[in-house]
Amino acid sequence: MPAPELSDPSLKKQLSFFCGEWRAAASGDSFPVFNPASGSQIAAVPSLSAPEVNEAVEFAADAMRAWSEVPAPRRAALLRAWFEEINRHSADLALLLTLEQGKPLAEALGEIAYGASYIEWFSEEAKRLYGEMIPAPSNDRRILVIRQPVGVCAAITPWNFPNAMITRKVAPALAAGCSIVVKPASQTPLSALALAELASRAGLPPGVLSVVTGEASTVGTALLRHPLVRKVTFTGSTETGKKILEECAKSVKKVTMELGGNAPFLVFSDADLDAAVEGLMASKFRNSGQTCVCANRVFVEECVLEPFLAKLLPAVKNLCIGNGWENGTTQGPLIDDSALRKVESLVENAKSLGASVLLGGKRASNENQFFLPTVLTNCHHDMALAKEEIFGPVAAIFSFHSEEEAIRAANASPVGLAAYFYSRDIGKIWRVAEALEVGMVGVNTGTISNAMAPFGGIKESGFGREGSKYGIEDYTNLKYICMAGISS
């Protein structure tokens, strides 16, 4: 079945957007964008040079001088106009996302709405970026604290949520009065470029938002090294995040790091098993398991393991893999062959160490980058999938016998982004929620992210928060003003 066409073909941009213009690379270099479901090329976008990225940053710095002085209600109105443009074109944005990333169209539509919600939220927060008066030590002084925009920001975003990972970084930056330069993942640049087109239509001033495409080693490095970039926000692997932190340390840039996860999903004996299965399906198999908050290790209390599996297996069997735009598809492909090989390797390692394959466990036959929805049992901590993000549709089932054992196993990871657990015992709920070493906990739910809540982790999952009233603060600097000579 051929892919449908965009209603507005002009949203499919194959140029970078910086200095207020749509531009090809001066060298003429470009790189291809592929549909992961079919393997066919769908676009080619510019591969910019470091001098071009530097030009984008310098133009953004000039643009920010005026943007930071725009009254907050006016900035809010422009963000609201962008939000409305996205809603008007949600069907096209979802189709574009599915074509370059592979997720089912229904999931893509959900991401567009989710991403737009951050723009709506921060359009409102722009008007609530308050300062503070602090009681002074003497009557002739006043202590005032204000928040000011941090400066030009750089956002380096991943391929798994190519729309929402951009909006939840760009919206607070713009709301705070910053300009921002976005480097999208090379696998999925089209969503970012479409967002820039709609931002321009909404009336955002030239240079306030730029999208620069190209190799990470060139474009990303240029952003990290430019002295006018004062904040970097990154979502991606812990390994890459550490390298970015090293580079940012050289010029002491402010950073927000949303890095890797290894989320535990705990099912206690007193849980509602139907609800737990529903939550696991949402957490584990959404986006083919390619999410940073995906349930990576599923711990089930031994006494309910069999009834839990009896409910889980039929649900997993009902998943339908295919091209994301086809009716009935509930699971798309993995992003590329490297991702597919990693999932295969983790499953083979688990099998070699005693895991049992109840469903799936291999590539789908005669398909490009599809991996069968998989359920493994008899998993244990020595397996690689207990220590690494699977980033695929593989539910690895572990068993436990006590609350203490479950918490100890859940916390046995250097990362701490999200965790989930199911229980109906109110005392246990409080104990476990407070004991889990993560930044976010879902209690009796497998979906936790929204614009109103602070998204982020602890340990090697990074620091800083996105979304909520806290999400705008990382795009500001606190300034203390001491006013003396007040008494007569």
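Computed from a predicted model, the values in this text were never measured in an experiment.

Draft legend 1. Representation of the environment of methionine 64. By the secondary structure assignment, methionine 64 is in helix α1 (residues 50-67). Since its relative accessible area comes to 11%, methionine 64 is described here as buried. The spacing of methionine 64 and alanine 37 is 27 residues in sequence and 40 Å in space, taken between C-alpha atoms. Not counting chain neighbours up to four residues away, the residues in contact with methionine 64 comprise Pro149, Gly151, Val152, Gly177, Cys178 and Ser179.

Draft legend 2. Seen up close, the packing of helix α4 (residues 105-125) against helix α5 (residues 164-176). Close contact between α4 and α5 brings their axes to 8 Å; oriented N to C, the two are set at 10°. Relative to α5, the element α4 is oriented roughly parallel. Two secondary-structure elements touch here, α4 through Glu111, Tyr114, Gly115, Tyr118, Ile119 and Phe122 and α5 through Ala164, Thr167, Arg168, Ala171, Pro172 and Ala175. Residue composition of the contact of α4 with α5, by class: 8 nonpolar, 2 polar and 2 charged.

Draft legend 3. Geometry of the packing of aromatic side chains. Summed over the entire model, instances satisfying the criterion amount to 8 aromatic pairs. With a centroid separation of 4.6 Å and 40° between ring planes, the pair formed by phenylalanine 17 and tryptophan 22 is classed as tilted. Under the relative-accessibility criterion, phenylalanine 17 is labelled buried at 8%. In textbook terms, an aromatic cluster arises when at least three aromatic residues are bridged by ring pairs, as seen for Phe265, Tyr420 and Tyr422. Here the basic side chain of arginine 168 rests over the ring of phenylalanine 455, its NZ or CZ set 4.0 Å away from the ring centre. Sitting over the ring of tyrosine 475, lysine 231 keeps its end group 4.7 Å from the ring centre.

Draft legend 4. View of the sheet that holds strand β12 (residues 263-267). If you walk across this open sheet you meet the 7 strands as β14-β15-β16-β13-β12-β18-β19, and the pairing is mixed. The open sheet terminates on both sides in strands that have one partner only, identified here as β14 (356-359) and β19 (440-443). When the angles between neighbouring strand axes are averaged without regard to direction, this sheet yields 25°. With 4 bridges joining them, strand β18 (residues 418-422) and β19 adopt parallel strand pairing. Note on β19: the bridge partner recorded for tyrosine 420 is glycine 442.

Draft legend 5. Up close: the nonpolar core. Formed by 65 residues in total, the largest nonpolar core has its most connected members in Trp82, Ile86, Val170, Leu174, Ile180 and Val182. Ranked by size, the runner-up nonpolar core spans 35 residues in total, among them Ala185, Ala355, Phe400 and Ala419.

Draft legend 6. Examining unusual backbone geometry more closely. Not every positive phi belongs to a glycine, and asparagine 287 is a case in point at roughly 55°. Among the structural elements, asparagine 287 can be located in the loop between α9 (273-285) and β13 (295-301). Under the relative-accessibility criterion, asparagine 287 is labelled buried at 1%. We note that asparagine 444 has phi near 60°; this positive angle belongs to a residue other than glycine. Tracing the chain through its elements places asparagine 444 in the loop between β19 and β20 (458-459). Since its relative accessible area comes to 35%, asparagine 444 is described here as partly exposed.

Draft legend 7. Broad picture of helix α10 (residues 305-317). Between its first and last C-alpha, α10 extends 18 Å over 13 residues, near the 18 Å set by a 1.5 Å rise per residue. Of all the residues in α10, the buried ones are Leu305, Phe308, Leu309, Leu312, Leu313 and Val316. Along the axis of α10, the buried positions cluster into a sector of 125°, meaning they face one direction only. In this fold, the buried residues of α10 make contact with β12, α9, β13, β14, β15 (374-377) and β16 (394-400).

Draft legend 8. Region of the structure containing the sheet that holds strand β6 (residues 142-149). Strand order in the open sheet formed by 3 strands is β5-β6-β22, with antiparallel pairing between adjacent strands. Here the strands that pair on one side only, and so sit at the sheet edges, are β5 (132-134) and β22 (476-483). Between one strand axis and the next, the sheet turns through 25° on average, direction left out of account. Bridge analysis of β5 against β6 gives 3 bridges, and the strand direction is antiparallel. Each residue of the ladder has a partner; that of isoleucine 134, found in β6, is isoleucine 143.

Draft legend 9. Quick look at the side chain of serine 468. Within the secondary structure layout, serine 468 lies in the loop between β21 (462-463) and β22. Here tyrosine 470 takes part through its backbone nitrogen, which lies 3.1 Å from a polar atom of the side chain of serine 468. Apart from the residues lying within four places of it in its own chain, the contact partners of serine 468 are Trp121, Phe122, Ala451, Met452, Ala453 and Pro454.

Draft legend 10. Up close: the environment of alanine 155. Looking at the element boundaries, alanine 155 is found in strand β7 (residues 152-156). Residue class for alanine 155 comes out buried when judged on its relative accessible area of 1%. In contact with alanine 155, not counting residues within four places along its chain, are Lys169, Ile180, Val181, Val182, Lys183 and Thr233.

Draft legend 11. Geometry of the pairing of strand β8 (residues 180-183). Here β8 shows two buried faces, one formed by Ile180 and Val182 and the other by Val181 and Lys183. In this sheet, β8 lies alongside β7 in parallel orientation, the contact comprising 4 bridges. Bridged to isoleucine 156 within β8 is lysine 183. Each parallel crossover has a hand, and for β7 linked through α5 to β8 it is right-handed. One ladder, built from 3 bridges, connects β8 with strand β9 (residues 209-211); its direction is parallel. Looking at the pairing, isoleucine 180 lines up with leucine 209 of β9. A crossover connection joins β8 to the parallel β9 through helix α6 (residues 190-202); in handedness this β-α-β unit is right-handed.

Calculation rules
Residues numbered from 1 in each chain as written. Predicted model: local features only at pLDDT ≥ 70, side-chain atom pairs only at ≥ 80, totals over all residues. Heavy atoms only, no water. Helix = DSSP H or I, 4+ residues; strand = E, 2+ residues; numbered from the N terminus. Buried < 20%, exposed > 50% of the residue type's maximum accessible area, 1.4 Å probe, protein only. Contact = heavy atoms within 4.5 Å. Axes fitted to C-alpha atoms, helices over the stretch in contact; angles between N-to-C directions. Parallel < 35°, antiparallel > 145°, perpendicular 65-115°, else oblique. Nonpolar A, V, L, I, M, F, W, Y, C, P; charged D, E, K, R; others polar. Phe/Tyr/Trp six-rings, centres within 6.5 Å; stacked < 30°, edge-to-face > 60°. Lys NZ or Arg CZ within 6 Å of the ring centre and 35° of its normal. Pairing = 2+ DSSP bridges. Core = buried A, V, L, I, M, F, W, Y, C linked by side-chain atoms within 4.5 Å. Expected span 1.5 Å × (residues − 1). Arc of directions from axis to C-beta. Polar contact = N/O pair within 3.5 Å; in protein donor to acceptor, adjacent residues only side chain to side chain. Right-handed = clockwise from strand over helix to strand, strands pointing away.

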